[in-house]
Amino acid sequence: MKLEKAKINDVPEMHKLINYFAEKGEMLARPLSEIYENIRDFFVVKEGERVIGCAALHVCWSDLAEVKSVAVAEDKQDQKVGAKLIEACLADAKALGISTVFCLTYKPGFFEKFDFSQVDKMELPRKVWTECYRCPKFPDCDEVALICRIKTEA
Ligand SMILES: CC(C)(COP(=O)(O)OP(=O)(O)OC[C@H]1O[C@@H](n2cnc3c(N)ncnc32)[C@H](O)[C@@H]1OP(=O)(O)O)[C@@H](O)C(=O)NCCC(=O)NCCS
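Residues numbered from 1 in each chain as written. Predicted model: local features only at pLDDT ≥ 70, side-chain atom pairs only at ≥ 80, totals over all residues. Heavy atoms only, no water.

Engineer: Any chance you could explain the nonpolar core here in plain terms?
Structural biologist: Ranked by internal contacts, the top residues of the largest apolar core, which has 25 residues, are V67, L90, V101 and F116. Looking at which element gives the most residues to this core, the answer is helix 3 (residues 81-96), with 8 residues. When neighbours within four sequence positions are excluded, F116 is seen to be in contact with V67, I86, L90, V101, F102, C103, F111, L146, I147 and C148. (Core = buried A, V, L, I, M, F, W, Y, C linked by side-chain atoms within 4.5 Å. Buried < 20%, exposed > 50% of the residue type's maximum accessible area, 1.4 Å probe, protein only. Helix = DSSP H or I, 4+ residues; strand = E, 2+ residues; numbered from the N terminus. Contact = heavy atoms within 4.5 Å.)

In structure tokens:
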């Protein structure tokens, strides 16, 4: 299995993976158009030509990025695919010089494995809410917010 930056041809499989879990209420759905527009944010893990996992790091501001759309195929879970994806997103944030990464999730325990800690959603800067206005759950968000501080080179 191989971690790489997502390519255009991976998008239909990424879309299927994300929306499979979204239908089960485990994460937010993403339309195809949004995945295409943000393709540069995404990492995938592939087994041969099959996309078995994906995750995105989306830059919000000079000091803030979000990890989103983390999904691993059910038959490939518990094999550290999710870990590979989160580590890639955090390394990307570090390389960019971004000091804080946050996520909104129903699986806080998973993110806590990677030095994320829970915060009150209201502590997140207002600029992260731009996307929330489009969420079907807004304003009754039941996701948990977590942040991870990145040690950037001085
Ligand atoms: C959550 C998810 C991404 C985890 O991926 P995975 O490849 O199975 O996870 P890994 O095998 O890399 O696990 C890494 C560590 O996290 C732990 N972990 C995995 N899922 C967890 C969960 N739901 N809660 C708490 N810990 C979890 C593992 O036990 C492992 O811990 P260890 O290092 O102490 O052994 C995967 O289950 C998934 O895609 N779920 C459906 C979609 C979803 O909920 N996405 C996340 C929210 S956006």
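Picking up where we left off.
Engineer: Before we go on, may I ask you to explain the sheet that holds strand 5 (residues 100-105) in this structure?
Structural biologist: Two pairing modes exist for strands in a sheet, parallel and antiparallel, and in both the strands are linked by backbone hydrogen bonds. Strand order across the open sheet formed by 7 strands is 1-2-3-4-5-7-6, with mixed pairing between neighbours. Only two strands of the sheet have a single neighbouring strand rather than two, namely strand 1 (2-5) and strand 6 (117-119). Pairs of neighbouring strands in the sheet enclose a mean axial angle of 30°, with direction left out of account. Against the sheet, helix 1 (residues 11-23) engages strand 2 (42-47), strand 3 (50-61) and strand 4 (64-72), with an angle of about 85° to strand 3. Against the sheet, helix 3 makes contact with strand 1, strand 2, strand 3, strand 4, strand 5 and strand 7 (144-149), and its axis sits at roughly 30° relative to strand 3, the strand it touches most. (Pairing = 2+ DSSP bridges. Axes fitted to C-alpha atoms, helices over the stretch in contact; angles between N-to-C directions.)

Engineer: Honestly, helix 1 in this entry has me stumped. Any pointers?
Structural biologist: For an α-helix, 3.6 residues make a turn, and residues three or four places apart therefore share a direction. Under the 1.5 Å per step criterion, the end-to-end length of helix 1 is 18 Å for 13 residues, consistent within 8% with the ideal 18 Å. Among all positions in helix 1, only V11, M14, L17, I18, N19, F21 and A22 are buried. Buried residues along helix 1 sit in contact with helix 2 (32-37), strand 2, strand 3 and strand 4. Phi for G25, located one or two positions after helix 1, is positive at around 80°. (Expected span 1.5 Å × (residues − 1).)

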